[in-house]
Amino acid sequence: MASGRDPGTKTEADASDAAWMRRALELARHAEEHDDEVPVGAVLVLGGEVVGEGWNRNITLDDPTAHAEVQALRDAGRRLRNYRFPGSTLYVTLEPCVMCAGAIIHARVGRVVYGATDPKTGAAGSVFDTLVSDRHNHRTAVIGGVLAEEASAMLTRFFRSRR
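All values reported here derive from a predicted model rather than from experimental measurement.

## With respect to the UniProt feature "binding site: Zn(2+)" (unreviewed entry) in the protein chain
UniProt annotation of "binding site: Zn(2+)" (unreviewed entry) refers to H67, C97 and C100 when read in the numbering used here. With the annotated positions falling across 34 residues, the maximum pairwise C-alpha distance of 9.3 Å places them together in a single cluster. Residues from the named set that contribute to the lining of the second largest pocket are H67 and C97. Owing to a relative accessible area of 13%, C97 belongs among the buried residues under this scheme. Among all residues touching C97, those that are not within four sequence positions of it are H67, E69, T121 and A123. Its location among the elements puts C100 in helix α4 (residues 98-106). By relative accessible area, C100 is classed as buried at 1%.

Criteria and cut-off values
Counting restarts for each chain: residues are numbered from 1 in the order of the written sequence. Per-residue local features of the predicted model are confined to residues with pLDDT of at least 70, and side-chain atom pairs are confined, for both listing and counting, to 80 or more; whole-chain, interface and lining totals are unaffected and use all residues. The side-chain quantities take in all heavy atoms of the structure and omit both hydrogens and water. UniProt positions are given in the numbering used here, feature names are shortened, and annotations may be inferred rather than shown by experiment. Method remark: on a 1 Å grid restricted to protein atoms, a set of points is classed as a cavity if a 1.4 Å probe fits but cannot get out and as a pocket if it is open with protein on both sides within 12 Å along at least five of seven lines; lining residues have an atom within 4 Å of a point. Each residue gets one of three labels from its accessible area relative to the maximum for its type: buried under 20%, exposed over 50%, partly exposed in between, using a 1.4 Å probe on protein chains only. Only heavy atoms matter for contacts: two residues are in contact if any of them lie within 4.5 Å across the pair. For helices the rule is a DSSP run of H or I covering at least 4 residues; for strands it is a run of E covering at least 2, with both sets numbered from the N terminus onward.

This is the structure we're talking about:
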């Protein structure tokens, strides 16, 4: 899925997108192996540098808002001493939910690249159109399906192991 509405923002995945998604997958593995959390990881990149990283920590922190995307945005805010990140790209292993999509829009993230689609709560077009809605005053380009098979397999293994 590609939904680029800003002509200055690239809307096709490339080799660097796969490389950053691999880092997000490493963070997802960390979430599962070290925190026993749902394996979702996120990396915020600005100017070719990591400015924020996160993984799901809902259970660990007793915080329903501690999704990987929110954790990465919070990390970037601390590092950059700002709450907006124009021109950045957020790499996340799972399509963002409505809550995360709202945070991404408010943070003025330029692009979201995600791995697996979320057929239950995806807000980048799978279930909801929150992230790709033209109603917002900020436009975020979206590319889905980058290393989707690996991201999806990780989630499937995690949930099967818990049944």
